[in-house]
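In case you want the letters, here they are:
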Amino acid sequence: MAKGTESTLKLSKVFGYQQAVKGSLGFSKTYGLTSITGKKGIHYKLGSNQQAFTSIPEENKITAVGFGADDLLIIASKGKRGAIAVFNFRNNDKKILPVAEKIISDSFVWVSFSENNERIGAQGGSPDWGFALWLWETRRLEIVFHPFRMEPGSKVYKFAFNPSDSRYIAAVGKHFLRCYFFKGEQRIQETALHEQERSNQTFHSAAWIPNSRLVMVGTSGGNILVLENMHLVRQVSITEELTRFQSSPNFDDQNVSCIVLTSDGFLCSHGTSSVLWFEENFKLHKVLSDEFNAGHPKLVAVPETIDAVCELIKKDRHVTYREIRVSSYISLTSIVKVLREYLAVKNLFSLNPANLTNSQKEAHVDWCKEMSI
């Protein structure tokens, strides 16, 4: 999205997916949004209610999948040794990759393509948490390595390739935060942030900033750590940013479990109730929470929303709640919050019915019903 473009963060669809299969929700170039449930790929055509199904030829239990370009899907399956295959949604072709014999675990917890499908990575599970790397074009197993000196009780959840250089990999998990650099010829350089790993927090997500050595890491404490060459250069409290614009954020679940880069910033989650949209300079742009009103999400009062409500009132002092709601796409609860707390409008309910138009009366009745006044 180009800078300066007017936009609204809206909830379009809600999808269920199988959490037991890691990475099971992604996008396919041909089929759109796709989720993996059991041994089937379910394709949702956005903008319509149509679905299509693809059977995945895999006999063993699928533990993780990864979506790549050209409608490719990495499949990790459980067995005596964890196995990796690549399935093509277009022609139903399945190619099995060489087994990573040095990995003891019987399954993989995360798999991913690097940018442009250059490499395939697979993170093994307990007890050894081994990592395997293949070149996709030649199907060759490049290297298998294991983390060095993990903290007691540590687990590895996922990893992310640097989109500019797939030799750099950031891995995160419970008491686990490390970067790997594949030097070639079976050599790997590991950098661990032991001080961060020993802290009482879990690292849930990682996203590299393109054309740089900067990586953003989401934590269980509601923070995003910005690391350059695995040195901490910035820490942003997503919880504090959310508190500025939301009266009662969920402090029980502050996990930043997802970070997605955009053309001019990034999106991140806060627990399971909010998504925040930041500009490149970490300025909060919009917030989407899970509070629903007549099937619509609540857009929390951020500066753009406050300005929009203010302009509507300036243009028409008799503007109705419904008109504000339609124009600014926020719930009636948030409209009152903006009017009372930000614009200092008093006596919101001191209305004389005789002075109201029919539409204003209707809007006021709707308001009273919703607010149980």
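Residues numbered from 1 in each chain as written. Predicted model: local features only at pLDDT ≥ 70, side-chain atom pairs only at ≥ 80, totals over all residues. Heavy atoms only, no water.

With respect to the sheet that holds strand β13 (residues 155-162)
Thought 1: Strand order in the open sheet made by the 4 strands is β13-β14-β15-β16, with antiparallel pairing throughout. Each end of this open sheet is capped by a strand with a single partner; those strands are β13 and β16 (187-192). On average, adjacent strands in this sheet sit at an angle of 25 degrees to one another, irrespective of strand direction.
Thought 2: As defined by bridge partners, β13 adjoins strand β14 (residues 165-174) across 7 bridges and the pair is classed as antiparallel. Following the sheet pairing, V156 is matched in β14 by G173. (Pairing = 2+ DSSP bridges. Helix = DSSP H or I, 4+ residues; strand = E, 2+ residues; numbered from the N terminus. Axes fitted to C-alpha atoms, helices over the stretch in contact; angles between N-to-C directions.)

Some words on the environment of R139
Thought 1: Relative to the helices and strands, R139 is located in the loop between β11 (131-135) and β12 (140-145).
Thought 2: Taking the C-alpha atoms as reference, R139 lies 6.1 Å from L97; in sequence the two are 42 residues apart.

Observations concerning the pattern of salt bridges
Thought 1: Tallied over the entire structure, the rule returns 9 salt bridges.
Thought 2: For E142, the salt bridge is made with R119, and the minimal N-O distance between the two is 2.7 Å. Of this pair, E142 sits in strand β12 while R119 sits in strand β10 (residues 119-124), and the two are 23 residues apart along the sequence. With respect to class, E142 is no different from R119; both count as buried.
Thought 3: When the shortest N-O distance is used, the salt bridge between R178 and E190 registers 3.1 Å. With a gap of 12 residues between them, R178 in strand β15 (residues 176-184) and E190 in strand β16 connect regions that are remote in the sequence.
Thought 4: Residue R178 is classed as buried on the basis of its relative accessible area, which comes to 0%. (Salt bridge = Lys/Arg side-chain N within 4 Å of Asp/Glu carboxyl O. Buried < 20%, exposed > 50% of the residue type's maximum accessible area, 1.4 Å probe, protein only.)

With respect to the confidence of the model for the chain
Thought 1: Confidence in the prediction for the chain averages 80 pLDDT; 75% of positions are at 70 or higher.
Thought 2: Note on residues 1-8: pLDDT under 50 across the span, and 13 contacts to partners over four residues away in sequence or across chains.
Thought 3: Considering only residues more than four positions removed or in separate chains, one finds that residues 346-351, a stretch of pLDDT under 50, has 10 contacts. (pLDDT = per-residue confidence, 0-100. Contact = heavy atoms within 4.5 Å.)

Some remarks on the nonpolar core
Thought 1: I84, F108, V111, F113, I120, W134 and W136 are the most contacted members of the largest nonpolar core, which totals 18 residues.
Thought 2: Counting only elements with at least two residues in this core, the list comes to β6 (72-77), β7 (83-88), β9 (108-113), β10 and β11.
Thought 3: When neighbours within four sequence positions are excluded, F113 is seen to be in contact with G66, F67, G68, L72, I74, V86, R119, I120, W136 and F161.
Thought 4: Counting 17 residues, the second largest nonpolar core, distinct from the first, contains I238, F245, F266 and L284. (Core = buried A, V, L, I, M, F, W, Y, C linked by side-chain atoms within 4.5 Å.)

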